Amino acid sequence: MNDPLSVVCIGAGPAGLTAGYVLGRGGIRVTVLEQDPHYVGGISRTETYKGFAFDIGGHRFFSKSDEIEALWDEILDEGFLERPRKSRIYYKRALFDYPLRAADALSKLGVVEAVRCVASYLRARLRPNPSPRNFEEWVTNQFGRRLFEIFFRTYTEKVWGMACRDISADWAAQRIKGLSLGKAIWHALRPQSSRRPRGQVIKTLIGRFRYPRRGPGMLWEAAARKVEAMGGQVLMGRRVCALERLDGGRWRVTACDQQGRNHDFVCDHVISSMPMRDLAPIVTPPLPPSVLAAAGELRYRDFLVVALILKNEGLFDDNWIYIHDPDVQVGRIQNFKSWSPDMVPLPGHACYGLEYFCFEHDSLWHMPDADLVALATDELVRLGLARPEDILDGAVVRQPKAYPIYDDGYQARVSAIRTALDAACPGLHLVGRNGMHRYNNQDHAMMTAILVARNILAGQVLYDAWKVNQDAEYHEETRQPPDQPAAAPELALAG
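Predicted, not measured: the structure shown is a model, and the values here were computed from it. (Residues numbered from 1 in each chain as written. Predicted model: local features only at pLDDT ≥ 70, side-chain atom pairs only at ≥ 80, totals over all residues. Heavy atoms only, no water.)

Chemist: Can you explain the overall build of the protein? Please cite residues and give values.
Modeler: Looking only at helices and strands, the protein has 18 helices and 20 strands in total. A total of 495 residues make up the protein; the buried ones form 59% of that total. Of the contacts made within the protein by residues no fewer than 6 positions apart, 70% connect residues no fewer than 24 positions apart. A total of about 21000 Å² of accessible surface is found on the protein, and carbon and sulfur atoms cover 51% of it. (Helix = DSSP H or I, 4+ residues; strand = E, 2+ residues; numbered from the N terminus. Buried < 20%, exposed > 50% of the residue type's maximum accessible area, 1.4 Å probe, protein only. Contact = heavy atoms within 4.5 Å. Areas by Shrake-Rupley, 256 points an atom, 1.4 Å probe, with all protein chains shown as cover.)

As structure tokens, then:
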């Protein structure tokens, strides 16, 4: 009698835990290995400091897929809050509603500037760039040069640490898909109806979203518990350091614990959400030198969050604010109480998350925590978003490899790695944001994991997870046996 299939999932983020949950539900023995010693959820985890809870970024729960929404409900028994979405852009000491509201923008930009923006937009639409190659050209096509300069350049260059002309147009098409100035103005005059089918909603313009009471980490902690309840393991503090394909086609995964001891796990399939750059060098038999060189050239943007605790309710009630001000380093500010009141345990207090985008080799990344708290305090006060006497305390969380960079040549590098792995490593499956070097949000990452899990359960390739496009729709048509599930439904990127 054959032994049951076994699977190792590398990473306990949205992709790894979704794969573990779907496979466990299907009777597969799963081990999930997570490098972090304390938190599951990856970049979608929720950290805590003195009872205050905060995200690593902000994570809206909204999907165009009823299946993903239902899976969230299935995993999180406690259910979700429904929260109003409010975000604004800080520009020249004024806060502009985002999505755009015509009267608000007109009054704050002034008539002359507003006319210039509209004229610039009309010029772009009359004479568009037929083949935009970079972020600057793509956004100018959609919004006009003037709005690009006002509302896109500064923030985007803070996020990526590079000029907008050096960022691939792929990233813009993925993150701002379906939105233009004309659609933003139309939305301001005629907001999207909550009764519209999910597939027709422009994600950037949604007015409400769901959210776990104590942050997204609640969902992934519940997923980890359910994986274990189904007989799986979720092992923390395990850094995968080697993958070896054995005679007979099985895999040996070696993980190092916090005491420096190695642990081996032999399995039939490996599902990896670890950064592609880190995966390629640890595979045996070794990949060709050209492929290892391509992996080494993949780049990532890191960032850190400074969570500041204030003794009042705060001076703004937005979920988050984009900071389009080149005189400060902070790029975005989260207001965690506006995500959920339960994130802040003390009445009359607030907690803001100031996000700084950097590289691991930057001086900012290596700045002592106390100095980062002082920097964030100074910048929040300088922006007029807090009073110095109200700021009580702060904590710092660093997030390496937060964003895969879409620079020139990244597609060719990813393609070379994929081709080599497909040829030499059957049974090794890539999922999620860093696993595929694609700017996935959590529902997109979940869908790639669901498709891979379905292939393993079926014992054959029914779906290509790489066919989940930037808007997380699965387009490839496959012929499936009658007892196999239908193709994955459309879903959108969540925040």
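Now that the structure is up, let's keep going.
Chemist: Summarise the nonpolar core; cite the residues concerned and give the values.
Modeler: Looking at soluble globular proteins, one finds that nonpolar side chains tend to be buried together. In this structure, Leu17, Phe135, Trp160, Leu243, Val253 and Ile271 are the most contacted members of the largest nonpolar core, which totals 125 residues. Per element, the largest residue contribution to this core is nine residues, and it comes from helix α18 (residues 442-458). Setting aside anything within four residues of it in sequence, one finds isoleucine 271 in contact with Val7, Val8, Cys9, Ile10, Ala19, Leu23, His429, Val431, Val452 and Ile456. Membership of the second largest hydrophobic core comes to 29 residues, among which are Tyr90, Leu304, Val330 and Leu383. (Core = buried A, V, L, I, M, F, W, Y, C linked by side-chain atoms within 4.5 Å.)

Chemist: Mind laying out the side chain of asparagine 141, listing which residues take part and the relevant values?
Modeler: One can find asparagine 141 in helix α5 (residues 135-143). Among the polar contacts listed, one links the side chain of asparagine 141 to the backbone nitrogen of asparagine 129, at a separation of 2.8 Å. Those residues in contact with asparagine 141 that lie beyond four places of it in its chain are Ala124, Arg125, Pro128, Asn129 and Pro132. (Polar contact = N/O pair within 3.5 Å; in protein donor to acceptor, adjacent residues only side chain to side chain.)

Chemist: Can you tell me about the packing of helix α1 (residues 14-25) against helix α10 (residues 217-229), naming the residues and giving the values?
Modeler: Between α1 and α10, the least distance of the axes is 9 Å, while the angle of their chain directions is 35°. The element α1 and its partner α10 pack so that their crossing is left-handed. Contact residues: α1 offers Pro14, Leu17, Thr18, Gly20 and Tyr21, while α10 offers Trp220, Ala223, Ala224, Lys226 and Val227. (Axes fitted to C-alpha atoms, helices over the stretch in contact; angles between N-to-C directions. Left-handed = near helix turned anticlockwise from the far one by under 90°.)

Chemist: A description of the sheet that holds strand β12 (residues 262-267) should follow, citing residues and the corresponding values.
Modeler: Within the open sheet, the four strands sit side by side as β12-β11-β10-β14. Their pairing is mixed. Looking at which strands have only one partner, the edges of the open sheet turn out to be β12 and β14 (283-284). Relative to β12, strand β11 (residues 251-256) is paired through six bridges, and the arrangement is antiparallel. Residue pairing for β12: arginine 252 is matched across the bridge by valine 266. (Pairing = 2+ DSSP bridges.)

Chemist: An account of the sheet that holds strand β9 (residues 233-235) is requested, with residue identities and associated values reported.
Modeler: Reading across the sheet, the five strands line up as β9-β2-β1-β13-β20 and stay open at both edges, with parallel pairing between neighbours. With one partner strand each, in any of the chains shown, β9 and β20 (428-430) form the two edges of the open sheet. Direction aside, the axes of adjacent strands within the sheet are offset by 15° on average. Relative to β20, strand β13 (residues 269-272) runs parallel, the two sharing three bridges. Its bridge partner being in β20, valine 270 is matched across the sheet by leucine 428.

Chemist: Explain helix α12 (residues 289-296) to me, and be specific about the residues and the numbers.
Modeler: Along α12, the residues that are buried comprise Val291, Ala294 and Ala295. Seen along its axis, α12 keeps its buried residues to an arc of 100°; they face one direction. Set apart from the buried face of α12 by more than 90 degrees, the exposed residues are Pro289, Ser290 and Gly296. Lining the buried residues of α12 we find α11 (276-279) and α16 (410-424). (Arc of directions from axis to C-beta.)

Chemist: Any details on the packing of aromatic side chains? Residues and values, ideally.
Modeler: In this description, a pair of aromatic rings is defined by centroid distance and the angle of the planes. Going through the model one piece at a time under the given rule, you end up with 24 aromatic pairs. For the ring pair phenylalanine 61 and phenylalanine 80, a centre distance of 5.4 Å and an interplane angle of 50° mean the geometry is tilted. Remark: phenylalanine 80 occurs in the loop between α2 (66-75) and β5 (81-84) and phenylalanine 61 occurs in the loop between β4 (52-55) and α2; sequence separation between them is 19 residues. Phenylalanine 80 shares its class with phenylalanine 61; the two are buried. (Phe/Tyr/Trp six-rings, centres within 6.5 Å; stacked < 30°, edge-to-face > 60°.)

Chemist: Go over α16, please, and point to the residues and values.
Modeler: Between the first and last C-alpha of α16 there are 21 Å, a value that for 15 residues agrees with the 21 Å anticipated at 1.5 Å per step. Within α16, the full set of buried residues consists of Tyr410, Arg413, Val414, Ile417, Ala420 and Leu421. Buried residues of α16 fall within an arc of 130° about the axis and therefore sit on the same side. Exposed residues on α16 whose side chains face more than 90 degrees from its buried face are Ala412, Thr419, Asp422 and Ala423. (Expected span 1.5 Å × (residues − 1).)

Chemist: Tell me what's going on with a nonpolar patch on the surface, and back it up with residues and numbers.
Modeler: There is a patch of nonpolar side chains on the surface, built from Leu106, Val111 and Val115 and spanning about 270 Å² of accessible area. With respect to the helices and strands, valine 115 occurs in helix α4 (residues 111-126). (Patch = residues over 30% accessible without salt bridge, like charges linked within 9 Å, V, L, I, M, F, W, Y side chains within 5 Å. Salt bridge = Lys/Arg side-chain N within 4 Å of Asp/Glu carboxyl O.)

Chemist: An account of the pairing of strand β3 (residues 46-49) is needed here, citing residue identities and associated values.
Modeler: As paired strands, β3 and β4 are joined by four bridges and run antiparallel to one another. In the strand pairing of β4, tyrosine 49 is matched with phenylalanine 52.

Chemist: Could you give an account of the side chain of glutamate 47, with specific residues and numbers?
Modeler: Here glutamate 47 shows up in strand β3. Residue glutamate 47 is classed as buried on the basis of its relative accessible area of 12%. At a separation of 2.8 Å, a polar atom in the side chain of glutamate 47 contacts the side chain of arginine 45. Not counting chain neighbours up to four residues away, the residues in contact with glutamate 47 comprise Tyr39, Phe52, Ala53, Phe54, Ile56 and Val397.

Chemist: How would you summarise the packing of α1 against α2 if you had to cite specific residues and measurements?
Modeler: Contact geometry of α1 with α2 gives a least axis separation of 13 Å together with a crossing angle of 80°. With respect to each other, α1 and α2 are oriented roughly perpendicular. For the pair formed by α1 and α2, the contact residues are Thr18, Tyr21 and Arg25 on the first element and Leu71, Glu74 and Ile75 on the second. Class assignment for the residues of the contact of α1 with α2 results in three nonpolar, one polar and two charged. (Parallel < 35°, antiparallel > 145°, perpendicular 65-115°, else oblique. Nonpolar A, V, L, I, M, F, W, Y, C, P; charged D, E, K, R; others polar.)

Chemist: Could you give an account of the pattern of salt bridges, with specific residues and numbers?
Modeler: Following the criterion strictly, the structure yields 34 salt bridges and no others. A salt bridge links glutamate 136 to arginine 145; its shortest N-O distance comes to 2.9 Å. Given a relative accessible area of 13%, glutamate 136 falls into the buried group. Judged by its relative accessible area of 36%, arginine 145 falls in the partly exposed class. Two residues, arginine 250 and aspartate 268, come together in a salt bridge whose shortest N-O distance is 3.2 Å. With a gap of 18 residues between them, arginine 250 in the loop between β10 (239-245) and β11 and aspartate 268 in the loop between β12 and β13 connect regions that are remote in the sequence. Through salt bridges with shared partners, a single ionic network connects Glu136, Arg145, Glu149, Arg153 and Glu157.

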